[in-house]
Every structure is written in C-alpha cells, then in structure tokens.
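Structure at a glance
Here is how the chains run, residue by residue.
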Amino acid sequence: MKASITATNAELPPVLSDALLRRFDAPGPRYTSYPTADRFVEAFGAIDCLRALSQRGQRGASGPAPLSVYLHIPFCESVCYYCACNKVITKHHERAVEYLDALELELQLVVDAVGPGRAVSQLHFGGGSPTFLSDAEISRLFSLLKGAFQLKPGAEVSIEVDPRTVTVERLVHLRQLGFNRISFGVQDFDAAVQQAVHRIQPFEQVQALMLAARRLGFESINVDLIYGLPRQTPQSFAHTVAQVSGLRPDRIALYAYAHLPQRFKPQRRIVMDELPGAAQRVAMLGGAIAGFIAHGYSYIGMDHFALPDDSLAVAKRQGRLHRNFQGYSVQPDGDLIGLGVSAIGRVGATYYQNAKSLPEYYDALRQGLLPVVRGIALTRDDLLRRAVIMALMCQGRVDFESVELAHLIDMRSYFAEELAQLAQMAAAGLVEIEPGAIQVTAAGWFLVRAVAAVFDRHLRTDQQRERFSRVI
Ligand code: SF4
C-alpha cells in the first residue's frame, strides 16, 4: 500500500509523499548541539571545563548572563525496552543517598568556578527518572540548588515524570517546591504496545495525573510519545494521538524509535518481527502530524507540537525559537551547566560531558575534581556551522548577510559544496535558494534535520551517520 501524508490543514504541505520522505530518510543527528556529542574528545577534560566556567563567571560589566542548569538523575526502577538513555536500573532506593552527596560536591565545585548566587533562568531535572527520588530527596536537592544559585522570578523549573512513580500527592509536593513545568513520559497508550516495551501505564492513570497537574497550576504540561515501537499500527497510534490530544497537554514531543540493539542493550529484548515497517512508520508520522494539527496543535518543528498560545508556538511565529539539549526552547542561547552522571553542558564556545558511569563519576568527585571526561572547544568553523545549522533548525531560514557579518566569510564561496548539495533538495521542493538566503519550505520543515545535516562537516561518511537515528 502506498502511504502518503495528505493535508487536512493549511499548515501541512499539500502532499508530502512517502517517496520524498524515504528519499531523505537517512540517519542524522537531532542537532541539540553542534558539533554533536559523538565529536567530543577526551583531550578536553576537567581543567578545560573549569577554565571555561571561571572565564564565563567574570564576564560583562552588567554581570554575567543567567544560566540554565540541567540535573541528571540516572535511576529507574525497571527498564523500558526501547530505552537509549543513560540510566541505572535498580530497586535499591538507598543508592540515591550516595548520588545526592556526590551532586552536592559537584555543585560546590561549579559554584567555586562561576561564583556564588549566579542567576538561573532555566532549571531542568531529567533522567533516568527524577521521580525515583523520594519527596525528601527532591526537597534536599532543591534547597541545595537554591543555596547555590538565585532562581530568577519567572524561571522555567521543569521535571520529567514517569507516571508510574508519582501520585497526586507527589505532584502537590513538586508544585510547592517551585516546579512550574512538567513532562510526562507516555510513549503510547495501547496496552499491547506497553506490554511489548515493558512499560505499563494505563490511560486513566496518566489522565488523573495530568488533570491534577492542571489543577495544581503547572504552567506547562508536556507529553512525550514515540512512534515505530513494536506492535504499533497506524490505527492504534492514531487512537493514542486522539487520546493525548483530548488531554490537551501544552506541548507534545513525538520521537521516532531508533532500533539500535548493538548500541542499546535493552533494545535486544524487543521482538524484531513486531516492529512496524517503513511504510507503517511513515503512515504513523503522517497520521500523527495531521491528527495533532486537526486537534488544534501547531507544528513547531522536527518533533514538537504545541497549543497555539503556548510560548513555544508564539516564539515559532515570531522567529525566536532556540534549540538546546532538551529540544526546542524559548530561552536565548546561553551557558548551560550540566550536573550529574553523563550530563552535558555548554559554556561559551565549549561543550563538556561528565563521566557516564557512576564509579567514574564518584571517583572524580572524591578527588575533588569535576567529573568531566570529554568535551570540545569549538573552532571558528564549528561556530559558523553551528550558527547556520541552528538558524535552519529554529527559523527555517539562513540570511547570508547576517552570517557573513558575524563570521566574516562569504557564504557562497565558503559553502559552495553545501549549496551544490542543497540544489537536489531545492529540486525536490524542500528548500528555496534565494540570492541572499536559504529558505526551508513547508514540506522541507518536516525534514529539516536532513537539510541541516548538509552543513555538518563531521557527518561526511555513512559509517558516522549510522550512529544516529533515522529522520523518519
Ligand atoms: S525510558 Fe526512561 S524510565 Fe524507561 S528505562 Fe529509560 S530512562 Fe528509565
């Protein structure tokens, strides 16, 4: 059967054919950073990170810009078979105590470098499962952070929640602490799919939590979904899309499942024969896009939808979108401090990543060192390409003049090869190459990371590409 994405709404391109989708469906990064994390090198370590943090701490006459802080809690009680996150599966909740002690040490080292009381405009708890921690442990962490930083009025304070680990009472506690944004990991409501991925959480359970979150005044409620999971069909997933739309989350993130069992051990427990084929995946994606738009959601880009009055949708309309490790954001690009095992940070023209294993993470901190094990100092070429890639990913447009002025290059000669490559995409209707700009079309917006990948210097061989998930 030939699947195609047919428009039911003015925001969709008239016909985004499966032929077009498949033609440009190569593995590629999601560009939450550029260069992507696989390019980080061990030659960049704790000392380099410390230097970058200290330099940024002293910046500017009007004081340094506010920080974003990401905190990684790696623990989960049971494994979801599709999981590609850095996590530790354990039922031993006492393990959290040692972890919080280590986080406290790490936080102190960071504060020593950037200075005490730095303003924070965005604080995010991710994992793993942050709600693996008890209420008392989350309170402890929160007061440590409040002691170290100064949360700006109106700061975004968000947490990822595994619905199986919280009750309404726990949501009350999170809200009282100061969390104002919450993200529920749903993936799919179909019982057969939930069984196949070892994550059972009935619709009614999530519905009760979302209603409670709304009553409690969380300003933004997000739902994560995944298509391409075992036992999913276009029909079953359309039902999940309708159920989620009925719950009216402010934002929806829709991710494609990438089956990479050689890299991610839990995925070996997924039955290959139960995975949907390419045509079904295309039909699911098309059905989800059409379904969410029909239910009043705006398509933000790549894998995000939002209600039209949500700040993300407003920022999209006004050309103010940004992209960071959590995906699309309304927060201007700034320094991001990553805390916890495997956390990634961005400071000035550098990225860094902490140790991925707990023993290594603990070991560094016991020696009084930042647990940074790799990173990268961006070259001029990296900074230029990052600007182009992020402009494509966030605004769907690159104006040559602004890039030329900021980076002192001539776009047409510097990117001659890339522009020649883009000609194929222009012929397919994904981009328009104007005399002084590249404009992503409505159809191209659905394949924008394939467009951005053209400018990725590091992504030259297919071998490197295979490390990433496919675009569809
Ligand atoms: S998907 Fe989330 S909850 Fe499930 S094992 Fe991975 S990190 Fe834990």
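Summarised in this report is the structure supplied together with it. These numbers come from a predicted model, not from an experiment.

Rules used in this analysis
Residues numbered from 1 in each chain as written. Predicted model: local features only at pLDDT ≥ 70, side-chain atom pairs only at ≥ 80, totals over all residues. Heavy atoms only, no water. Pairing = 2+ DSSP bridges. Helix = DSSP H or I, 4+ residues; strand = E, 2+ residues; numbered from the N terminus. Right-handed = clockwise from strand over helix to strand, strands pointing away. Axes fitted to C-alpha atoms, helices over the stretch in contact; angles between N-to-C directions. Parallel < 35°, antiparallel > 145°, perpendicular 65-115°, else oblique. Contact = heavy atoms within 4.5 Å. Salt bridge = Lys/Arg side-chain N within 4 Å of Asp/Glu carboxyl O. Buried < 20%, exposed > 50% of the residue type's maximum accessible area, 1.4 Å probe, protein only. Near = heavy atom within 4 Å. Nonpolar A, V, L, I, M, F, W, Y, C, P; charged D, E, K, R; others polar. Arc of directions from axis to C-beta. Core = buried A, V, L, I, M, F, W, Y, C linked by side-chain atoms within 4.5 Å.

Quick word on the pairing of strand 7 (residues 149-161)
Every regular strand shows the same layout, with side chains that alternate between the two sheet faces. Sheet topology note: the strand 6 (residues 118-127)/strand 7 ladder contains seven bridges and is parallel. Pairing of L123 across the sheet is with V157, part of strand 7. Traced from strand 6 through helix 4 (residues 135-148) to strand 7, the parallel crossover comes out right-handed. Where strand 7 and strand 8 (residues 181-187) come together, four bridges link them in parallel fashion. In the sheet register, S158 faces strand 8, and the bridge partner there is R181.

Side note on the packing of helix 3 (residues 95-114) against helix 4
Where helix 3 contacts helix 4, the two axes come as close as 11 Å, and the packing angle between them is 5°. By the angle class used here, helix 3 and helix 4 are roughly parallel. For the pair formed by helix 3 and helix 4, the contact residues are A96, V97, L100, D101, L103, E104, L107 and V111 on the first element and E137, R140, L141, L144, L145 and A148 on the second.

Points about the pattern of salt bridges
Overall, the coordinates contain 19 salt bridges when judged by the stated rule. Residues E104 and R140 are paired through a salt bridge, measuring 2.9 Å at the closest nitrogen-oxygen approach. Taken together, the positions of E104 in helix 3 and R140 in helix 4 put the pair 36 residues apart, joining distant regions of the chain. With relative accessibility at 27%, the residue R140 sits in the partly exposed group. For D162, the salt bridge goes to R199, with nearest N and O atoms at 3.5 Å. Taken together, the residues D162 in the loop between strand 7 and helix 5 (168-177) and R199 in the loop between helix 6 (191-196) and helix 7 (203-215) connect sequence positions 37 residues apart. The exposure class assigned to D162 is buried, which follows from its relative accessible area of 8%. Via salt bridges that share partners, D381, D382, R385, E418 and R457 belong to a single interconnected network.

A look at the side chain of T350
Locating T350 in the fold gives a position in strand 17 (residues 350-354). Look at T350 and you get buried, because its relative accessible area is 11%. Sequence-distant contacts of T350, that is, excluding residues within four places in its chain, are made with F44, A52, G345, I376, A377 and L378.

Looking at the site of the ligand
Close to the ligand lie C76, S78, V79, C80, Y82, C83, C85, G128, S129, D162 and R199. Within the shell around the ligand, the residues separate by chemical class into six nonpolar, three polar and two charged.

A few points about unusual backbone geometry
In this structure, the amide linkage connecting Y34 to the following residue, P35, adopts the cis form with an omega of -5°. Counting through the fold element by element, P35 comes out in the loop between helix 1 (18-23) and helix 2 (46-57). The omega angle of the peptide bond from G127 to G128 is 25°, so this bond is cis rather than trans. Mapping G128 onto the fold places it in the loop between strand 6 and helix 4.

Description of helix 5
Regarding helix 5, the residues found buried are R170, L171, H173, L174 and L177. Looking down the long axis of helix 5, one finds its buried residues gathered within 155° of arc, a one-sided arrangement. Summarising the geometry of helix 5, the exposed residues directed more than 90 degrees from the buried face are E169 and Q176. Phi turns positive one or two residues past the end of helix 5, at G178, with a value near 130°.

A few points about the nonpolar core
F125, F179 and F184 are the most contacted members of the largest nonpolar core, which totals 135 residues. Sort the elements by how many residues they give to this core and helix 3 lands first, with 10 residues. Excluding anything up to four places from it in sequence, F179 contacts F125, I138, F142, V157, S158, I159, L174 and F218. Within the second largest apolar cluster, 11 residues are counted, among which are Y81, Y82, I270 and L275.

None of this, on its own, says anything about what the molecule does.
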